[in-house]
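Summary of structural features
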Amino acid sequence: VVMGSEASTGRSSEAVPIRQIGGIDGGMAERIALTLNANPRMNQTELAAQLHIPLRTLQRALKQLKDANLIKRMGGNRYGHWEVDGDYLHHLEAR
């Protein structure tokens, strides 16, 4: 995504791409983490329905959270569960 003066100068900027506003950095990560902590055995379809977001949007957000080591899927898809990083969870609960 090319934004602002980056297009004309070719220099990198620190601007957040418009598609991320309201996305994973806009509160969705917190909602996902708190919901998974309350019900760690929830599957992706159930989680997407509870958060009122498309499944594919949830899958992208989960990938970002897993890549940042903020959540982990333990066990298999059918009988596994989610674990939220303890430090991240304490940070969210302290808000």
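Note that the coordinates shown come from a computational prediction; the quantities given were computed from them, not determined experimentally.

Analysis parameters
Residues numbered from 1 in each chain as written. Predicted model: local features only at pLDDT ≥ 70, side-chain atom pairs only at ≥ 80, totals over all residues. Heavy atoms only, no water. Helix = DSSP H or I, 4+ residues; strand = E, 2+ residues; numbered from the N terminus. Buried < 20%, exposed > 50% of the residue type's maximum accessible area, 1.4 Å probe, protein only. Areas by Shrake-Rupley, 256 points an atom, 1.4 Å probe, with all protein chains shown as cover. Core = buried A, V, L, I, M, F, W, Y, C linked by side-chain atoms within 4.5 Å. Contact = heavy atoms within 4.5 Å. Pairing = 2+ DSSP bridges.

Within the protein one finds 5 helices and 2 strands. Each helix and strand of the protein, ordered N terminal to C terminal, gives the series α-α-α-α-β-β-α. The buried share of the protein, taken over its 95 residues, is 27%. For the protein, the exposed area adds up to about 6600 Å²; of that, 51% sits on carbon and sulfur atoms.

Ile 32, Leu 36, Leu 47, Leu 58, Leu 62, Ile 71 and Val 84 are the most contacted members of the largest nonpolar core, which totals 20 residues. When residues of this core are traced back to their parent elements, those giving at least two are α2 (28-38), α3 (44-51), α4 (55-67), β2 (81-84) and α5 (86-93). Looking at this core element by element, the count peaks at 5 residues for α2. When near neighbours in sequence (up to four residues on either side) are disregarded, Ile 71 contacts Leu 36, Leu 62, Leu 65, Lys 66, Trp 82, Glu 83 and Val 84.

Across the two faces of β2 the burial differs, with Trp 82 and Val 84 buried and His 81 and Glu 83 not buried at all. Strand direction decides the pairing type here: strand β1 (residues 71-74) and β2, joined by 4 bridges, are antiparallel. When the bridges of β2 are listed, Ile 71 appears paired with Val 84. The turn joining β1 and β2, which pair antiparallel and follow one another in sequence, is formed by 6 residues; a positive phi near 85 degrees is taken by Gly 75.

Take it as geometry only, folks, not as evidence of what the structure does.
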